[in-house]
Amino acid sequence: MKSKASTGVARRLLMTVAAIALAPVAFAQSGRADGTDPESFFVLDNPGDPNFNQLLGINDGRVIVGYFGDGTIIPNNGYVLVPKNHYSVENFTNLPSPDFASQTQAIGINTRAFPDIVGFYTDHATGFTHGFLDSNGVQSPVDDPAGSPPNVTTPVQNLLGINNFDEAAGFWTDNNGHQHGFVVELDTQSPSLSRFIEIPPTTFAGAIGTQASDITNNEEVCGFWTDAKGNNHGFYGFLGQKFFTFNVKIKGVTVTSTLPFGCNDEGEIVGSFTDSNGNVHGFILVDRRFFQFDAPGSSQTPAFGTMGTLINGVNDRGDIVGFFSDGTKVNGFVNFAPASDRDDDQN
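Thresholds applied
- Residues numbered from 1 in each chain as written.
- Predicted model: local features only at pLDDT ≥ 70, side-chain atom pairs only at ≥ 80, totals over all residues.
- Heavy atoms only, no water.
- Helix = DSSP H or I, 4+ residues; strand = E, 2+ residues; numbered from the N terminus.
- Polar contact = N/O pair within 3.5 Å; in protein donor to acceptor, adjacent residues only side chain to side chain.
- Buried < 20%, exposed > 50% of the residue type's maximum accessible area, 1.4 Å probe, protein only.
- Pairing = 2+ DSSP bridges.
- Axes fitted to C-alpha atoms, helices over the stretch in contact; angles between N-to-C directions.
- Core = buried A, V, L, I, M, F, W, Y, C linked by side-chain atoms within 4.5 Å.
- Contact = heavy atoms within 4.5 Å.
- Salt bridge = Lys/Arg side-chain N within 4 Å of Asp/Glu carboxyl O.
- Phe/Tyr/Trp six-rings, centres within 6.5 Å; stacked < 30°, edge-to-face > 60°.
- Lys, Arg positive; Asp, Glu negative; His and termini not counted.
- Disulfide = S-S within 2.5 Å.

Trainee: Got a minute to help me understand the environment of Gln139 in this structure?
Mentor: Within the secondary structure layout, Gln139 lies in strand 9 (residues 138-142). Taking the C-alpha atoms as reference points, Gln139 and Ile117, 22 residues apart in sequence, are found 9.2 Å from one another. Engagement of the side chain of Gln139 in a polar contact is seen with the backbone nitrogen of Thr93, the distance being 2.8 Å.

Trainee: Help me understand unusual backbone geometry in this model?
Mentor: Glycine aside, negative phi is the norm for most residues, and most peptide bonds take the trans geometry. Backbone torsion omega between Ser97 and Pro98 reads 10 degrees, so that peptide bond is classified as cis. In this fold, Pro98 is placed in the loop between strand 5 (86-89) and strand 6 (101-109). The omega angle of the peptide bond from Pro149 to Pro150 is 5 degrees, so this bond is cis rather than trans. Among the structural elements, Pro150 can be located in the loop between strand 9 and strand 10 (157-162). We note that Asp166 has phi near 60 degrees; this positive angle belongs to a residue other than glycine. Residue Asp166 is classed as buried on the basis of its relative accessible area of 19%.

Trainee: When you look at the side chain of Ser194 in this model, what are you seeing that I'm missing?
Mentor: Take Ser194: it is sitting in the loop between strand 12 (179-185) and strand 13 (195-199). For Ser194, a relative accessible area of 10% translates into the label buried.

Trainee: Would you explain the sheet that holds strand 24 (residues 309-314) in this entry?
Mentor: In a beta sheet, neighbouring strands pair by backbone hydrogen bonds and run either parallel or antiparallel. The strand order across the open sheet formed by four strands is 1-26-25-24, and the pairing between neighbours is antiparallel. Each edge of the open sheet carries a strand with a single partner, namely strand 1 (41-43) and strand 24. In this sheet, adjacent strand axes meet at a mean angle of 25 degrees when their direction is disregarded. Here strand 1 runs beside strand 26 (residues 330-335); their pairing, made up of three bridges, is antiparallel. Paired with Phe41 across the bridge in strand 26 is Asn335.

Trainee: Would you mind going over the sheet that holds strand 10 with me for this structure?
Mentor: Strand order in the open sheet formed by four strands is 10-11-12-13, and the pairing between neighbours is antiparallel. Looking at strand neighbours, the two that pair on one side only are strand 10 and strand 13, the edges of this open sheet. Pairs of neighbouring strands in the sheet enclose a mean axial angle of 30 degrees, with direction left out of account. When strand 11 (residues 167-173) meets strand 12, the two strands line up antiparallel, connected through seven bridges. Paired with Glu167 across the strands is Glu185, a residue of strand 12.

Trainee: Where do I start with the nonpolar core in this structure?
Mentor: In globular proteins that are soluble, nonpolar side chains generally tend to be buried together. Leu56, Ile107, Phe261, Leu310, Phe323 and Val330 are the most contacted members of the largest nonpolar core, which totals 15 residues. Setting aside chain neighbours within four positions, we find Leu310 in contact with Phe261, Ser272, Val280, Gly322, Phe323 and Phe333.

Trainee: In this structure, what is going on with the pattern of salt bridges? I would like to understand it.
Mentor: Once their charged atoms are close, side chains differing in charge can pair, the charge on each being opposite to the other. This model, assessed by the stated rule, comprises five salt bridges. Where Asp319 meets Arg62, a salt bridge forms, and the shortest distance between an N and an O atom there is 2.7 Å. On the criterion of sequence distance, the pair formed by Asp319 in the loop between strand 24 and strand 25 (320-325) and Arg62 in the loop between strand 2 (53-58) and strand 3 (64-68) is long-range, its members being 257 residues apart. Residue Arg62 is classed as buried on the basis of its relative accessible area of 19%.

Trainee: Which parts of the structure should I look at to understand the packing of aromatic side chains?
Mentor: For any pair of aromatic rings, geometry is given as the distance between the ring centres together with the angle between the planes. According to the stated counting rule, one finds 23 aromatic pairs in the structure shown. Both rings, one in Tyr236 and one in Phe244, keep their centres 5.8 Å apart while their planes meet at 35 degrees; by these two values the pair is tilted. On the basis of relative accessibility, which here comes to 32%, the residue Tyr236 falls in the partly exposed class. Members of the aromatic cluster, joined through ring pairs, are Tyr236, Phe244, Phe246, Phe283 and Phe290.

Trainee: How do you make sense of the pairing of strand 4 (residues 77-82) when you look at a structure like this?
Mentor: Across a regular strand the side chains alternate sides, sitting on one face of the sheet and then on the other. Burial within strand 4 is extensive, with six of its six residues counted as buried. Where burial is concerned, the two faces of strand 4 agree: the one with Asn77, Tyr79 and Leu81 and the one with Gly78, Val80 and Val82 are both buried. Both strand 3 and strand 4 contribute to a ladder of five bridges, which runs antiparallel. Paired with Val65 across the strands is Val80, a residue of strand 4. As paired strands, strand 4 and strand 5 are joined by four bridges and run antiparallel to one another. Within strand 5, the position partnered with Leu81 by the bridge is Tyr87.

Trainee: Explain the side chain of Glu167 here, please?
Mentor: With respect to the helices and strands, Glu167 occurs in strand 11. Here Glu167 occupies a buried position and makes no salt bridge, while the nearest side chain of opposite charge, Arg195, is found at 7.3 Å. Of the polar contacts made by the side chain of Glu167, one reaches the side chain of Asn163; its length is 2.9 Å. Apart from residues lying up to four places away in sequence, Glu167 is in contact with Gly161, Ile162, Val183, Val184, Glu185, Ile215, Glu219 and Leu239.

Trainee: What am I meant to see in the state of the cysteines here?
Mentor: Throughout this description, disulfide means a covalent bond between two cysteine sulfur atoms. Inspection of the entire model under this criterion finds one disulfide. Linked covalently through their sulfurs, Cys222 and Cys263 form a disulfide whose S-S length is 2.5 Å. Sign of the S-S torsion, about -90 degrees for the bond between Cys222 and Cys263, identifies this disulfide as left-handed. With Cys222 in strand 15 (residues 220-227) and Cys263 in strand 20 (residues 257-263), this residue pair connects regions lying 41 residues apart in the sequence. Given a relative accessible area of 6%, Cys263 falls into the buried group.

So, to be careful, I would describe these as geometric facts and stop short of saying anything about function.
So, in structure tokens, the structure goes:
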């Protein structure tokens, strides 16, 4: 594991590489399927675990965050990636010895010149899971007091997305296992003074849980709420204003469950949905139309509990990142814009 000082050095080196790497590069190409352009779509898996990778966030500079390790056979290990293969470790290390983070996932990244990163880590000493912020190479836990002891006996908190104005989206889990979404206005100098804005289940009629998945620079929040039957419904809206519910429609058919995971300043929302047959597909909402996205080689046969395709992040260029099951492994992927390459299945 790296120290806070080495984290900062690695991140500065990473950004130098990023500036160089964004020139056109002939990446190794994946096979073509479902009309996906092989010059846009790439499987990018960290060699730390050849069987399990997830790419979760991408900024406008095409710097990606994610993690490898299924959490059981190999622990979750966060990383930052400049495609196609420049990896930097992003595990949470700011804990007093002898404690350490037994799991870390790097999930969200913004587009500042020196990007901030958010995610979560599990504290080995307590088994509690905390949100974290990495700002200018300094890591800090970020926990919503509403989801912390004594209110919750075994806390589970996540930060999932961050904009360029020190606002992050996430959730905490109550003692009944139900999620409660929030947006936090981060105080990067004193994270303990950050202000939390709750998006509770009572926001939506019939909801028993909520998750705020992402927040744009326009303060538009996207996420989902869960009903009593366990089905999920997407929502979006501006922070402090009314949120609107939506459900994916493909070819005029409303799907069973909708899970938005990312949104951008262009009004696009991405995520996954479950169809009436129980199959999982990625979706992109653009110009008020839903597009289905299935990664080339994806399978509905579960691998490590994952099936089908899930899109987790989108930047303002329309690049998307996510992961998929190929029936044996879980693979991270990126699909670069243009948007015209997207699947034609729409409502």
